[in-house]
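Coordinates in review
Residue strings, one per chain:
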Amino acid sequence: MRQLTINDREAGQRLDKWLAKYMTKAPKSFFYKMMRKKNIVVNGKKVQGNEKLNAGDQISLYLSEETIQNFQEERKAPQKKKKLDILYEDEQILFVNKPVNMLSQKAEATDISLNEYLIAYLLETGELTREDLARFQPSICNRLDRNTSGIVAAGKSIAGLQMLSEMFKERTLQKYYHCLVKGQITKEQKVEGYLTKDKAKNQVMIRRECTEGADWICTKYRPIKVFSWCTYLEVELITGRSHQIRAHLASQGHPLFGDTKYGDAALNKICREQYQLHHQLLHCARLELPEIEGDFSYLSGKVITAPMPEQFEKILRKLETRR
């Protein structure tokens, strides 16, 4: 028999989901069978599995240690550490300025992503223990491409994860990106279209008319500085689709500096030779949180900003001197 107490970090999730994280190798049917037989109870009472867990709840597993251990996956803490550029942090959430060439989440089992660095950081600060990893893993809530820099949000608790994930899902959180594009854009614009994705090629297509399987997209942008042959833009992402900014701007005749997938070959050659730029110049610079009620009301209207990467600033300075 094993008894576990739900802590503040875990509170707010359904019992069946908690069990699935605690014993990752067990089928769902096993949990429901054990609950029916009262081999899994909460606070001494029979449960269905859809109950929401509160801090302090006692989960009793009337199972042998061998059974529990056989269903548990060994979760090793990441060994590699990396100093994170933390923009804001409290007990529930965290915002990080992700650098270029870092994955947001694993693409392969052997990858080390921002998620792993986040866990390593929380272990190092003592906010998370190795035992905690069997019951809850903090996680990021939004993803940026490997070669896109800027703000990534993460939940340090179930409540924090749920709150942030809901904002991204409902698009109540405003997202602003900075980029350099080919051509002059002299006024604010709002463009719409339809996006389809080729998963095999990890590439998207933009069309003006709706086609089967296409997602509606909307992108708003305004010039910050206009140079003789390019523009420094702020882009507001109204919808958040894969590769949306890169592909949508390219479809408007304004490909991003350094974008090898949707960009301009001649422009990219200039970027490599003059600026030693080998990736798209795109940075998530600002997030603006909406009005929030309840436990997270203290975050209402909060603005998170991320400083520009050094290479981005250097390119802007060079463009300024050549105006």
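Residues numbered from 1 in each chain as written. Predicted model: local features only at pLDDT ≥ 70, side-chain atom pairs only at ≥ 80, totals over all residues. Heavy atoms only, no water.

**Side note on the packing of aromatic side chains**
Within this structure, the stated rule accounts for 7 aromatic pairs. Residues Phe30 and Phe71 carry aromatic rings whose centres are separated by 4.8 Å and whose planes lie at 55 degrees to one another, so their mutual orientation is tilted. Linking Phe30 in helix H2 (residues 28-36) with Phe71 in helix H3 (residues 65-71), this pair joins segments that are 41 residues apart in sequence. An aromatic cluster of at least three residues, connected via ring pairs, comprises Phe30, Phe31 and Phe71. Sitting above the plane of the Tyr176 ring, Arg286 keeps its charged end 4.0 Å from the centroid. (Phe/Tyr/Trp six-rings, centres within 6.5 Å; stacked < 30°, edge-to-face > 60°. Helix = DSSP H or I, 4+ residues; strand = E, 2+ residues; numbered from the N terminus. Lys NZ or Arg CZ within 6 Å of the ring centre and 35° of its normal.)

**Some points on the sheet that holds strand S3 (residues 45-46)**
In space, the 4 strands of this open sheet follow the order S1-S4-S2-S3, with antiparallel pairing throughout. Among the strands making up the open sheet, the edge pair consists of strand S1 (2-5) and S3. Judged from the 2 bridges that link them, strand S2 (residues 40-42) and S3 form a sheet pairing that is antiparallel. Bridge pairing in S3 places Val41 opposite Lys46. Lying over the sheet, helix H1 (residues 15-22) contacts S1, S2 and strand S4 (58-61), oriented at roughly 55 degrees with respect to S4. (Pairing = 2+ DSSP bridges. Contact = heavy atoms within 4.5 Å. Axes fitted to C-alpha atoms, helices over the stretch in contact; angles between N-to-C directions.)

**With respect to the environment of Thr260**
Of note, Thr260 is situated in the loop between helix H6 (244-251) and helix H7 (265-275). In this structure the C-alpha to C-alpha distance between Thr260 and His278, which are 18 residues apart in sequence, comes to 8.4 Å.

**A look at the packing of H1 against H2**
Viewed as axis vectors pointing N to C, H1 and H2 meet at an angle of 120 degrees, and their least axial separation amounts to 10 Å. With respect to H2, the element H1 is oriented oblique. Judged by the twist between their axes, the crossing of H1 over H2 is right-handed. Residues Leu15, Asp16, Leu19 and Ala20 of H1 form the contact with H2, whose own contacting residues are Phe31, Tyr32 and Met35. Residues that form the contact of H1 with H2 fall into these classes: 6 nonpolar, no polar and 1 charged. (Parallel < 35°, antiparallel > 145°, perpendicular 65-115°, else oblique. Left-handed = near helix turned anticlockwise from the far one by under 90°. Nonpolar A, V, L, I, M, F, W, Y, C, P; charged D, E, K, R; others polar.)

**A short note on the side chain of Asp57**
Relative to the helices and strands, Asp57 resides in the loop between S3 and S4. Within the buried set, Asp57 has no salt-bridge partner at all; the shortest N-O distance to an opposite charge, 9.5 Å, is to Lys45. Here Asn43 takes part through its side chain, which lies 3.1 Å from a polar atom of the side chain of Asp57. A polar side-chain atom of Asp57 sits 2.8 Å from the main-chain amide nitrogen of Asn54. Filtering out sequence-adjacent residues up to four positions away, Asp57 remains in contact with Leu4, Thr5, Ile6, Val42, Asn43 and Lys52. (Buried < 20%, exposed > 50% of the residue type's maximum accessible area, 1.4 Å probe, protein only. Lys, Arg positive; Asp, Glu negative; His and termini not counted. Salt bridge = Lys/Arg side-chain N within 4 Å of Asp/Glu carboxyl O. Polar contact = N/O pair within 3.5 Å; in protein donor to acceptor, adjacent residues only side chain to side chain.)

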